[in-house]
Every structure is written in structure tokens, then in C-alpha cells.
Amino acid sequence: GVSARPFLPEVTSGEPSHSIARLRDAAAVCQGCDLHGPATQTVFGVGNPNAKLVLVGEQPGDREDLAGEPFVGPAGQLLRETLSEVGLDPAELYITNSVKHFKFKPTGKRRLHVKPAAREVAACRPWLEAELDVIRPKMVVALGATAAGVLLGPGFRLLKSRGQVQRSDHAKWTIATYHPSAILRVPNEATRETMRKAFLEDLHFAAEHYR
Ligand code: URA
Ligand code: SF4
């Protein structure tokens, strides 16, 4: 089946920064699933390879695909604003995605974001696992249901267990919260504000506990 696995380098030794750099170089030429074809480039994780807190999103969007960096578009702006509100410096953290290539449908001049299929999420998973193996953070925050599914299994229910500390193999503490894009998409202002507050609370909890 489709998998990033054959593209992964050995990263059993060396500094985390060295190993993350090797993973990033290898991921740049990954053809583990069909998403690499239409996309501009692999969008690998960024930030501190010694981070105690790792944030995991879904997949790059249009802006991220062009920039080659995660969370630089509208969702990234909400994320960065909220990080700043809880006193977290993005440079201190490591920020990555469950899927490393942008998936889209071309519609005229805009490229419309398409949710990754389960097989693409599964194919890309070895990159995220390798990142977490190298970094060994104390805490991981899953942003949205896709990342939560990868980190906590298909039985995890975001709406039921959002913000609650979960056991996982990847870190002492894992929590899942809303995806910032999901917050931005809610048309009802009161609902959107409620979700934003919950998102802020969850990142506040992370800020208080990740050290
Ligand atoms: N949404 C994500 O999940 N990741 C990004 O990098 C940008 C938007
Ligand atoms: Fe490889 Fe992931 Fe890109 Fe698929 S989405 S080609 S598995 S990096």
C-alpha cells in the first residue's frame, strides 16, 4: 500500500536538530502517496527540535504549500495570536502536521482545500512518528480531529474529550483541541467565540504544563 516508510532515513543517532534536518531533507522527496504530485512542496515541521511541546495540525493549506511552512495562513494567524495570549513563543515549540502535502481541488483561480483521505493520513504517519521519536516532547497538542485520530486512535472523540489529558505513546501528556480552521469556519459568532475560548483554555493548559 501507500506509505512514506521507504523514504525515511535512519535517525537513530545524533542531535535532535541533526536528525530533524535529515528527516526534513528526506521528506522533501517523499512519494509515499499521490499528494506529492500536484502540491508545490513538502511542508515539514518547523521550530525547536528540543521542544518540550509539539503542536500537530492536519495538513498544509494553500498558503503553507506556497511558503513551505506550516500555519502561515489564516488558521496560523489565529493559532499564533492564541499562542501569544497564553505566553507561548512559537520558536520555542515544534509545529507540524499529520500530512505533509497540501491536498486540493483546482477551481478557477483558487485551490480549494480537500480533507486528506484515511489512506493518505496513514501513508504520511511515519513522518510524524519519526519527528516525535526524535524530539521526545513532554506534551503533544493535537489540533483537530485528524491529528487526534493519528495520535490517540480512531476511537477518540474530540467533542467529548477535548482538552482532557490522554495517554499516548508519544509523550507523557497528549491533549486534543479544536483545529483553528474549524473555529474560523463556524458562521455563528457566539458559537465561534465559545470555541475560541475553549481553544484558548486548552493552549493555556498546555502552556502551564509542558515544562
Ligand atoms: N491547517 C493545518 O492543519 N496546518 C497548517 O499548516 C495550516 C492549516
Ligand atoms: Fe509523502 Fe506524506 Fe507527502 Fe504523501 S503526503 S507524499 S506520504 S510526505
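Definitions and limits used
- Residues numbered from 1 in each chain as written.
- Chains lettered and ligands numbered in written order.
- Predicted model: local features only at pLDDT ≥ 70, side-chain atom pairs only at ≥ 80, totals over all residues.
- Heavy atoms only, no water.
- Helix = DSSP H or I, 4+ residues; strand = E, 2+ residues; numbered from the N terminus.
- 1 Å grid on protein atoms, 1.4 Å probe; cavity = no way out; pocket = protein on both sides within 12 Å on 5 of 7 lines; lining within 4 Å.
- Points joined across faces, edges and corners; volume = space filled by probe spheres on them.
- Nonpolar A, V, L, I, M, F, W, Y, C, P; charged D, E, K, R; others polar.
- Near = heavy atom within 4 Å.
- Polar contact = N/O pair within 3.5 Å; in protein donor to acceptor, adjacent residues only side chain to side chain.
- Areas by Shrake-Rupley, 256 points an atom, 1.4 Å probe, with all protein chains shown as cover.
- Sits in = over half its atoms within 2 Å of the grid points.
- Core = buried A, V, L, I, M, F, W, Y, C linked by side-chain atoms within 4.5 Å.
- Buried < 20%, exposed > 50% of the residue type's maximum accessible area, 1.4 Å probe, protein only.
- Contact = heavy atoms within 4.5 Å.
- Phe/Tyr/Trp six-rings, centres within 6.5 Å; stacked < 30°, edge-to-face > 60°.
- Lys NZ or Arg CZ within 6 Å of the ring centre and 35° of its normal.

Caption draft 1: Highlighting unusual backbone geometry. Despite not being glycine, Phe71 has its phi angle at roughly 55 degrees, a positive value. A positive phi angle, close to 45 degrees, is found at Arg136, a residue other than glycine. Secondary-structure assignment places Arg136 in the loop between α4 (118–135) and β6 (139–143).

Caption draft 2: The arrangement of empty space enclosed by the protein in detail. Here the structure, examined in full by the defined rule, presents one cavity of 30 Å³ or more. Of the volumes computed, that of the largest cavity is approximately 90 Å³. What lines the largest cavity is a set of 15 residues, and nearest its centre among them are Cys30, Cys33, His101, Cys124 and Trp127. For the lining of the largest cavity, the leading source of residues is α4, giving three residues. Residue composition of the lining of the largest cavity, grouped by class: nine nonpolar, five polar and one charged.

Caption draft 3: Broad picture of the layout of surface pockets. Computed from the structure, the largest pocket encloses a volume of approximately 720 Å³. Around the largest pocket, the lining comprises 33 residues; the ones closest to its centre are Ala75, His113, His179, Ser181 and Arg185. Only α2 (62–67), α3 (74–85), β5 (110–113), α5 (145–152), α6 (158–161) and α7 (180–185) provide two or more residues apiece to the lining of the largest pocket. Here the residues of the lining of the largest pocket sort into 15 nonpolar, nine polar and nine charged. Here the second largest pocket is characterised by a volume of approximately 210 Å³. In terms of lining, the second largest pocket is formed by Lys115, Pro116, Ala117, Ala118, Val121, Ala122, Ala145, Thr146, Gly149, Val150 and Pro154.

Caption draft 4: The site of ligand 1, seen in detail. In the vicinity of ligand 1, the contacting residues are Gly57, Glu58, Gln59, Pro60, Glu64, Pro70, Phe71, Asn97 and His179. The contact in question runs from a nitrogen atom of ligand 1 to an N or O atom on the side chain of Asn97, over 2.7 Å. Separating an oxygen atom of ligand 1 from a side-chain N or O atom of His179 is a distance of 2.6 Å. Its free accessible area being 230 Å², ligand 1 has 94% of it covered by the protein chains. Under a 2 Å grid-point criterion requiring more than half of the atoms, the pocket assigned to ligand 1 is the largest pocket.

Caption draft 5: Representation of the site of ligand 2. With respect to spatial proximity, the complete set of residues near ligand 2 consists of Ala4, Cys30, Gly32, Cys33, His36, Val99, Lys100, His101, Ala123, Cys124 and Trp127. With respect to the pocket detection grid, ligand 2 is positioned in the largest cavity. Residue composition of the shell around ligand 2, by class: seven nonpolar, three polar and one charged.

Caption draft 6: Highlighting the nonpolar core. Ranked by size, the top nonpolar core spans 34 residues in total, and within it Leu23, Val56, Tyr94, Trp127, Leu151 and Ala176 carry the most contacts. Among the elements of the structure, α1 (16–27), β2 (53–57), α4, β6 and α5 are those that each provide at least two residues to this core. Tallying contributions element by element places α4 first for this core, with nine residues. Contacts of Ala176, omitting those with residues within four sequence positions, involve Ala142, Ala148, Leu152, Phe156, Leu158, Arg162, Gly163 and Asp202. Ranked by size, the runner-up nonpolar core spans 25 residues in total, among them Phe71, Ile183, Ala207 and Tyr210.

Caption draft 7: A look at the packing of aromatic side chains. All told, the structure shown has three aromatic pairs when counted by the stated rule. Between Phe44 and Trp127, the ring centres sit 6.0 Å apart and the planes meet at 90 degrees, which makes this aromatic pair edge-to-face. Here Phe44, found in the loop between α1 and β1 (46–47), pairs with Trp127, found in helix α4; they are 83 residues apart in sequence, far enough to count as distant. A residue is classified by how much of its surface remains accessible, and Trp127, at 1% relative accessible area, is buried. Pairing Phe102 with Phe104 gives two aromatic rings, centres 4.9 Å apart and planes at 25 degrees, and the pair type is stacked. Residues Phe102 and Phe104 agree in their burial class; the two are buried. The ring of Phe44 has Lys100 lying over it, and the distance from NZ or CZ to the ring centre is 5.5 Å. The ring of Trp173 has Lys138 sitting right over it, with the charged end atom 5.4 Å from the ring centre.

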